[in-house]
Amino acid sequence: MLAVGSLAGCGWIPGCAAYDPAAAKATFDGRVGTVEVVNEGTADVHVDLYHPDGTGSVEVSALAPAGTVTALPGAIGNDWGIGIGDGCVTTVRQVATWTGDRFVIAWPDG
């Protein structure tokens, strides 16, 4: 399993647990799309994505500047791992709203 940061930095994710790629793959329900991070905070945040077939290495990394909407590159499944800021890594499905063609994450949660 992959854990980044501490659960204390992960209050925006209820019940956040360390990302386990094998367990995450079992939750894949066919939803694939872009990921948008709506950073409503006052500080830039780093966003890392982890492929469920990967080795635990970051597959995609981006900076989401404060006050912007940042679209991450590529088609991402709901079973991918995501870490924002110093929070834990969890699945996209746990933290994003599915709009029919993309996953939208409000940061900070709200």
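Rules behind the numbers
Position numbers for residues count from 1 along each chain, tracking the sequence in the order it is written. Selection of residues for local features in this predicted model requires a pLDDT of at least 70, selection of side-chain atom pairs for listing and counting requires 80 or more, and totals for whole chains, interfaces and linings are taken over all residues. Only heavy atoms go into the side-chain values, all of them from the structure, while hydrogens and water stay out. Stacked, tilted and edge-to-face are the three classes assigned to paired rings of Phe, Tyr and Trp, where Trp is represented by its six-membered ring and a pair needs centres within 6.5 Å; plane angles under 30 degrees give stacked, over 60 edge-to-face, the rest tilted. For every residue, the accessible area obtained with a 1.4 Å probe (protein chains only) is divided by the maximum for its type, and the residue is called buried under 20%, exposed over 50%, and partly exposed between those limits. Here, the term nonpolar core denotes a set of buried Ala, Val, Leu, Ile, Met, Phe, Trp, Tyr and Cys residues that are joined through side-chain atoms within 4.5 Å. Secondary structure elements are defined from DSSP: runs of H or I of at least 4 residues count as helices, runs of E of at least 2 residues count as strands, and each element is numbered from the N terminus. A pair of strands counts as paired when DSSP detects no fewer than two bridges linking them. Axis lines are fitted through C-alpha atoms, for helices just across the contact stretch, and the angle between N-to-C directions can take any value from 0 to 180 degrees.

Undergrad: Which parts of the structure should I look at to understand the packing of aromatic side chains?
TA: The relative placement of two aromatic rings is captured by the distance of their centres and the angle of their planes. What the rule picks out here adds up to 1 aromatic pair. Taken together, a centroid distance of 4.6 Å and an interplanar angle of 50 degrees make the contact between Trp98 and Phe103 tilted. Classification of Trp98 by relative accessible area gives partly exposed; the value is 28%.

Undergrad: Explain the nonpolar core here, please?
TA: As a rule of thumb, nonpolar side chains are buried together in soluble globular proteins. If you look at the biggest cluster of nonpolar residues, it comprises 19 residues, and the most contacted ones within it are Val35, Val47, Leu49, Ile82, Ile84, Val92 and Ile105. Going through the elements one at a time, β1 (32-39), β2 (45-50), β3 (60-64), β4 (69-77), β5 (81-84), α2 (92-95) and β8 (102-107) are the ones with two or more residues in this core.

Undergrad: Would you mind going over the sheet that holds β8 with me for this structure?
TA: Either a parallel or an antiparallel arrangement is found when strands of a sheet pair, and the pairing is made through backbone hydrogen bonds. Read across the sheet, 4 strands follow the order β4-β1-β8-β7 without closing on themselves; strand pairing throughout is mixed. Of all the strands in the sheet, just β4 and β7 (97-98) have a single pairing partner and so form its edges. Pairing of β1 with β4, which is carried by 6 bridges, proceeds in the antiparallel orientation. Residue Val35 lies in a different strand from β4, and its bridge partner there is Leu72.

Undergrad: Would you take a moment to explain unusual backbone geometry for this structure?
TA: Apart from glycine, the bulk of residues carry a negative phi angle, and the bulk of peptide bonds sit in the trans form. Going from Trp107 to Pro108, the amide bond is cis rather than trans, its omega being -15 degrees. On the secondary structure map, Pro108 appears in the segment after β8.

Undergrad: Is there a simple way to explain the pairing of β8 in this structure?
TA: A regular strand places its side chains so that they alternate between the two faces of the sheet. Burial of the side chains of β8 is restricted to one face: Phe103, Ile105 and Trp107 are buried, whereas none of Arg102, Val104 and Ala106 on the reverse face is. Of the pairings in the sheet, the one linking β1 to β8 comprises 6 bridges and is parallel in character. Looking across to β8, one finds that Val35 is bridged to Phe103. Linking β7 to β8, which pair antiparallel, is a turn of 3 residues; within it Gly100 sits at a positive phi near 110 degrees.

Undergrad: How should I be thinking about the sheet that holds β5 in this particular structure?
TA: The antiparallel open sheet is built from 4 strands, whose spatial order is β3-β2-β5-β6. Because the sheet does not close on itself, it has two edges, and the strands there are β3 and β6 (89-91). Each strand axis lies, on average, 25 degrees off the axis of its neighbour in the sheet, ignoring direction. With 4 bridges joining them, β2 and β5 adopt antiparallel strand pairing.

Undergrad: Got a minute to help me understand the environment of Gly41 in this structure?
TA: Of note, Gly41 is situated in the loop between β1 and β2. For the pair Gly41 and Trp107, spaced 66 residues apart in sequence, the C-alpha to C-alpha distance is 6.5 Å.

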